[in-house]
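Single-letter residue listing:
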Amino acid sequence: MDQQRYDNLKLGERGAIVSIIAYICLSASKLIIGYAANSEALKADGLNNATDIVASIAVLIGLRLARKPADEDHPYGHWKSETVASLMASFIMMAVGLQVLYEAVVSMFHGKQQSPDLISAWTGIFCAIVMYCVYRYNKKLALKINSQAVMAAAKDNISDAFVSIGAVVGIIGSQFKLPWLDPLTAVAVGFIICRTAWEIFCEASHYLTDGFDENTIQSFKETVLKVNGVEGVKEIRARNYGSNAVVDVVLLVGAKLEFQAAHEIATRVEDELKRNSDVYEVHVHYEPAKIAKA
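These numbers were taken from a predicted model, which means no experiment stands behind them.

Asker: Break down the pattern of salt bridges for me, citing the residues and quoting the values.
Answerer: The tally for this structure, following the rule as stated, stands at ten salt bridges. Between Glu13 and Arg64 there is a salt bridge, and its shortest N-O distance comes to 3.2 Å. Taken together, the residues Glu13 in helix H1 (residues 2–37) and Arg64 in helix H2 (residues 40–66) connect sequence positions 51 residues apart. A relative accessible area of 6% places Glu13 in the buried class. Across the pair Glu199 and Arg195 runs a salt bridge, and its minimum N-O distance is 3.9 Å. With Glu199 and Arg195 both in helix H6 (residues 181–208), this residue pair falls four residues apart, about one helical turn. Put simply, Glu270, Lys274 and Glu281 are held in one network by salt bridges that share partners.

Following this line, the structure appears as structure tokens:
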């Protein structure tokens, strides 16, 4: 099972590499044409993709570190490396987003008079199509290997496609004697970058502080209660190691059961959670039901 999960992490690296290559090409194109065509929106979009390069590299590094086996310093493995990398990427994205906002607002107050060249709009449309294709590839890969990191990358891809479409709208709108619409769109792009950075930060910090979805824990509890021999669940907790869930559960079993019979119930609980809930590890403790209720 561990080897399969490690292989999935290695396969997930392909998605990160595809994103990095796409972002490097698109970011360079947008920045070069954005400066040449005098488009604030396209330049902001290009900087957005530049931050995505950093984020994708962080995901790649995190996936590779997560594949390292457990050692003396990390007895539970290195699964959380990808989450730490995402947290670092969120700081970089927020810094760039604030820079984009600053430059766009300055451009608006200086009263931009010249509308950008239409080649910037065609560039935005082409880049949006490319990012949509990358999104479809990464989404399919994420579903195949059940990777939260790759799925997050896919969501970032589709967000970037929408950002490019928004930039196109601002560029075309500025052609109708509304040159201020281009920097206004750049402001919107800056806000989107900051919002994405904040969402990544919140999700990463939630995982690193052992936060876990309550509805998922409830589904784990329902699965445990269906196991033959379990009379109740005294306590159940869960945490994440990367894309892997680890569950701690305290069972209530018959007070007169022999040790071997109680152990077999605990084993069935462990097997059931791993089989039906895609749980990586289960720690089971059992107590006699009558004593626990006293």
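Here the narrative resumes.
Asker: Provide a residue-level description of the domain arrangement of the protein, including the pertinent values.
Answerer: Many analyses report the size of an interface as the accessible area lost when the parts associate. Looking at the protein, the domain boundaries give domain 1 (1–209) and domain 2 (214–288). Opposite the twelve residues of domain 1 that make contact, domain 2 presents eight residues. Summed over both sides, the interface between domain 1 and domain 2 buries roughly 1100 Å², with carbon and sulfur atoms accounting for 43% of that surface. Where domain 1 packs against domain 2, one counts zero salt bridges. Between the two partners, domain 1 and domain 2, sit zero residue pairs in polar contact (both at pLDDT 80 or more). Elements with a minimum of two residues in the side of domain 1 that touches domain 2: H1, helix H3 (81–109) and helix H5 (148–174).

Asker: Describe a positive patch on the surface, with residues and values.
Answerer: A surface patch of like charges, here positive, comprises Lys10, Arg14, Arg136, Lys139, Lys140 and Lys144. Structurally, Arg14 can be placed in helix H1.

Asker: Requested: an account of the sheet that holds strand S2 (residues 244–253), with residues and values cited.
Answerer: If you walk across this open sheet you meet the three strands as S1-S2-S3, and the pairing is mixed. Unpaired on one side and paired on the other, strand S1 (232–241) and strand S3 (281–288) mark the two borders of the sheet. For this sheet, the mean angle separating the axes of adjacent strands, direction not counted, is 10 degrees. Relative to S2, S1 runs antiparallel, the two sharing nine bridges.

Asker: If you had to explain the pairing of S1 to someone new, which residues and values would you point to?
Answerer: Regular strands show a simple pattern: their side chains alternate between the two faces of the sheet. The buried fraction of S1 amounts to seven of the ten residues, a majority that puts the element mostly inside the structure. Here S1 folds back onto S2, and the loop between the two strands holds two residues, one of which, Gly242, carries a positive phi near 65 degrees.

Asker: With reference to specific residues and values, describe the packing of aromatic side chains.
Answerer: Counted under the stated rule, the structure contains five aromatic pairs. Each ring, one from Tyr132 and one from Tyr135, has its centre 5.9 Å from the other, and the planes form 40 degrees; the classification is tilted. With Tyr132 and Tyr135 both in helix H4 (residues 119–145), this residue pair falls three residues apart, about one helical turn. Between Phe259 and Tyr286, the ring centres sit 6.5 Å apart and the planes meet at 55 degrees, which makes this aromatic pair tilted. Of this pair, Phe259 sits in helix H8 (residues 259–276) while Tyr286 sits in strand S3; the two residues are 27 residues apart in sequence, bridging distant segments of the chain.

Asker: Give me the nonpolar core: which residues, what numbers.
Answerer: Core analysis: the largest hydrophobic core is formed by 20 residues, its most contacted members being Phe220, Leu251, Val269 and Leu273. Where this core is concerned, the elements lending two or more residues are helix H7 (214–225), S1, S2 and H8. When residues in this core are grouped by element, the largest group, five residues, is from S2. Sequence-distant contacts of Leu251, that is, excluding residues within four places in its chain, are made with Val224, Val230, Gly232, Ile265, Ala266, Val269, Val284, His285, Tyr286 and Glu287.

Asker: Quick rundown of the packing of H2 against H3? Include the residues and the values.
Answerer: Following both chains from N to C, one finds H2 and H3 inclined at 170 degrees, their axes separated by 8 Å at the closest point. One way to sum up the angle between H2 and H3 is to call them roughly antiparallel. Residue-level inspection shows Glu40, Ala44, Leu47, Thr51, Asp52, Val54, Ala55, Ala58, Gly62, Leu63, Leu65 and Ala66 of H2 in contact with H3, the latter providing Ser81, Glu82, Ala85, Ala89, Ile92, Met93, Val96, Val100, Glu103 and Ser107. Classifying every residue of the contact of H2 with H3 by side-chain character gives 14 nonpolar, four polar and four charged.

Asker: Tell me about the UniProt feature "transmembrane region" (unreviewed entry) in the protein, and name the residues and values.
Answerer: As annotated by UniProt and renumbered to match this structure, "transmembrane region" (unreviewed entry) occupies residues 15–37, 87–106 and 118–135. As annotated, residues 87–106 comprises 100% helix and 0% strand, and the C-alpha atoms at either end are separated by 29 Å. Counted over residues 118–135, helix gives 94% and strand 0%. Its end C-alpha atoms are 26 Å apart.

Asker: Account for H7, naming residues and giving values.
Answerer: With twelve residues, H7 should reach 16 Å at 1.5 Å per residue; the first-to-last C-alpha distance of 17 Å fits that figure. At the N-terminal end of H7, a side-chain oxygen is found 3.3 Å from the backbone nitrogen of Asn215, two or three residues along, and the residue is Asp213.

Asker: I'd like a rundown of a nonpolar patch on the surface, residues and numbers included.
Answerer: The grouping of Val105, Met108, Phe109, Leu118, Trp122, Ile125, Ile129, Ile172, Phe176, Leu178, Trp180 and Leu184 at the surface amounts to a nonpolar patch, some 1200 Å² of accessible area in total. Within the fold, Ile129 resides in helix H4.

About the thresholds
- Residues numbered from 1 in each chain as written.
- Predicted model: local features only at pLDDT ≥ 70, side-chain atom pairs only at ≥ 80, totals over all residues.
- Heavy atoms only, no water.
- Salt bridge = Lys/Arg side-chain N within 4 Å of Asp/Glu carboxyl O.
- Helix = DSSP H or I, 4+ residues; strand = E, 2+ residues; numbered from the N terminus.
- Buried < 20%, exposed > 50% of the residue type's maximum accessible area, 1.4 Å probe, protein only.
- Domains from an automatic or database assignment.
- Contact = heavy atoms within 4.5 Å.
- Buried area = accessible area lost by both parts, 1.4 Å probe.
- Polar contact = N/O pair within 3.5 Å; in protein donor to acceptor, adjacent residues only side chain to side chain.
- Patch = residues over 30% accessible without salt bridge, like charges linked within 9 Å, V, L, I, M, F, W, Y side chains within 5 Å.
- Areas by Shrake-Rupley, 256 points an atom, 1.4 Å probe, with all protein chains shown as cover.
- Lys, Arg positive; Asp, Glu negative; His and termini not counted.
- Charge placed at Lys NZ, Arg CZ, Asp CG, Glu CD.
- Pairing = 2+ DSSP bridges.
- Axes fitted to C-alpha atoms, helices over the stretch in contact; angles between N-to-C directions.
- Phe/Tyr/Trp six-rings, centres within 6.5 Å; stacked < 30°, edge-to-face > 60°.
- Core = buried A, V, L, I, M, F, W, Y, C linked by side-chain atoms within 4.5 Å.
- Parallel < 35°, antiparallel > 145°, perpendicular 65-115°, else oblique.
- Nonpolar A, V, L, I, M, F, W, Y, C, P; charged D, E, K, R; others polar.
- UniProt positions renumbered as here; feature names shortened; annotations may be inferred.
- Expected span 1.5 Å × (residues − 1).

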